[in-house]
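As a plain string of letters, each chain reads:
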Amino acid sequence: MSKTMMIFNLASFVVVITVILSLDQDKASAAFVFKDFVNNTGFSNSYASLLGILQAAFGMTGYDATAHMTEEMRNARKDAPRAIICSVWIGAFSGFIFLIAAFFCIRNLDAIDTTTTGVPLIAIFQQATGSVGGAIGLTVLITIIALVSLCFLMAQSSRVIFSFARDHGLPLSSYISRVHPTLHVPHFSILTVLVVNMALMAIYFGSVTGFNTVLAFSTEGFYLSYIMPLLVRVWGRLQGRQDIDSGFSLGRFGMAFNLIGIFYLAFCVVVFNFPSVSPVTSTTMNYSSAAVGVAALVAAVTWLTTGRKHFTGPQRGSVLEASVPPMPDDGHHVSTGSMSKN
């Protein structure tokens, strides 16, 4: 399924780019794409440039999904880092090309900003193809990719919840960590992720500001989680722990890349809390910092009350073999192979 969708994704990318560039006979100028600066935020251009980082940063997240599926991979030591790195390069290259092509197909920026569809990309497709049917066809390709991506995100998110619950890090861990006896999937973890996401998406019907806060907080949460392993690695290097038992290494450039990553992520985390529209009111305020504070408070309370007593943490020194024995009777652990010490 994953290979099929990767091929479909790349093929759709080629189809969309080819169609909009070939059908649009009145493309925007290179000056409009690469030089003109449109700022409707009410802030200065320099400030608006910083705000633009948020959208790009959101697009460059989620590559850690592979790390959450390593317990179900046969050669995770090498395949997981390879998959993450390839995803970053492919995503960055294809995303940049896609944006450039879309910008060249913008004829009326105001019409796109105020489109009745609520999705500017659909308006760009319509302007480029000159027909509603063409825009619908291209949108269907994007929609299929988005829907299947949601399934993949559900899979990796449920594994995060399952692993945390298996190590007794969540309330009702004994239930959430259970594995279905015949499907061999953490069904309660999947249901937990589904219910939580439905609750978060429902915020949109009550408050658009609250929903935007959830989106901004999710991106900031990603980046905060990315900082933590980098900080641990730098601390380990400073303590003299240069070698790590890993199938992938950056070699002598590791420390430099770790520091660059930390500074970039820290910078983005700060920018994510800036308001995006001036004047700032209760409806245009960016409440990401408040959301992060609440999440940190909940995490701290959970750790002080139950976490430090029951949380065991991940187990080290073992790998999963290829054989698949029967499921354990307690139903709390995914058993994809017999365990053997390194």
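Please refer to the structure higher up on the page.
Residues numbered from 1 in each chain as written. Predicted model: local features only at pLDDT ≥ 70, side-chain atom pairs only at ≥ 80, totals over all residues. Heavy atoms only, no water.

Explain the overall build of the chain to me, and be specific about the residues and the numbers.
Across its full length, the chain holds 13 helices and two strands. Taken along the three principal axes of its C-alpha coordinates, the chain extends 65 × 50 × 40 Å. For the chain, the residues scored as buried account for 28% of the 342 residues in total. If you sum the accessible surface of the chain, you get close to 21,500 Å²; carbon and sulfur atoms cover 69% of it. (Helix = DSSP H or I, 4+ residues; strand = E, 2+ residues; numbered from the N terminus. Buried < 20%, exposed > 50% of the residue type's maximum accessible area, 1.4 Å probe, protein only. Areas by Shrake-Rupley, 256 points an atom, 1.4 Å probe, with all protein chains shown as cover.)

Can you tell me about the pattern of salt bridges, naming the residues and giving the values?
Evaluated as defined, the whole model comprises three salt bridges. One salt bridge in this structure joins Asp24 and Arg107, with 2.9 Å as the shortest N-O distance. Placement of the pair is Asp24 in the loop between α1 (2–23) and α2 (30–34) and Arg107 in the loop between α5 (76–104) and α6 (109–113), with a sequence separation of 83 residues. Across the pair Arg166 and Asp167 runs a salt bridge, and its minimum N-O distance is 3.7 Å. Just as Arg166 is buried, Asp167 falls in that class too. (Salt bridge = Lys/Arg side-chain N within 4 Å of Asp/Glu carboxyl O.)

Give me the environment of Lys78: which residues, what numbers.
Inspection of the secondary structure puts Lys78 in helix α5. C-alpha separation for the pair Lys78 and Phe162, spaced 84 residues apart in sequence, amounts to 23 Å.

Could you give an account of the nonpolar core, naming the residues involved and the relevant values?
Note on soluble globular proteins: their nonpolar side chains tend to be buried together. Ranked by size, the top nonpolar core spans 16 residues in total, and within it Val16, Ile20, Ile124 and Phe125 carry the most contacts. Where this core is concerned, the elements lending two or more residues are α1, α5, α7 (120–129) and α8 (132–166). Listed in part, the eleven residues of the second largest apolar core include Tyr223, Leu230, Val234 and Phe272. (Core = buried A, V, L, I, M, F, W, Y, C linked by side-chain atoms within 4.5 Å.)

Kindly report on helix α3 (residues 45–59), identifying the contributing residues and their values.
Helix length check: α3 (15 residues) gives 22 Å between terminal C-alpha atoms against 21 Å at 1.5 Å per residue, within 8%. Turning to α3, its buried residues are Tyr47, Ala48, Leu51 and Ala57. The arc that holds the buried residues of α3, viewed along the axis, is 165°, so those residues lie on one side. Looking at the buried residues of α3, the elements they touch are α11 (208–238) and α12 (254–271). (Expected span 1.5 Å × (residues − 1). Arc of directions from axis to C-beta. Contact = heavy atoms within 4.5 Å.)

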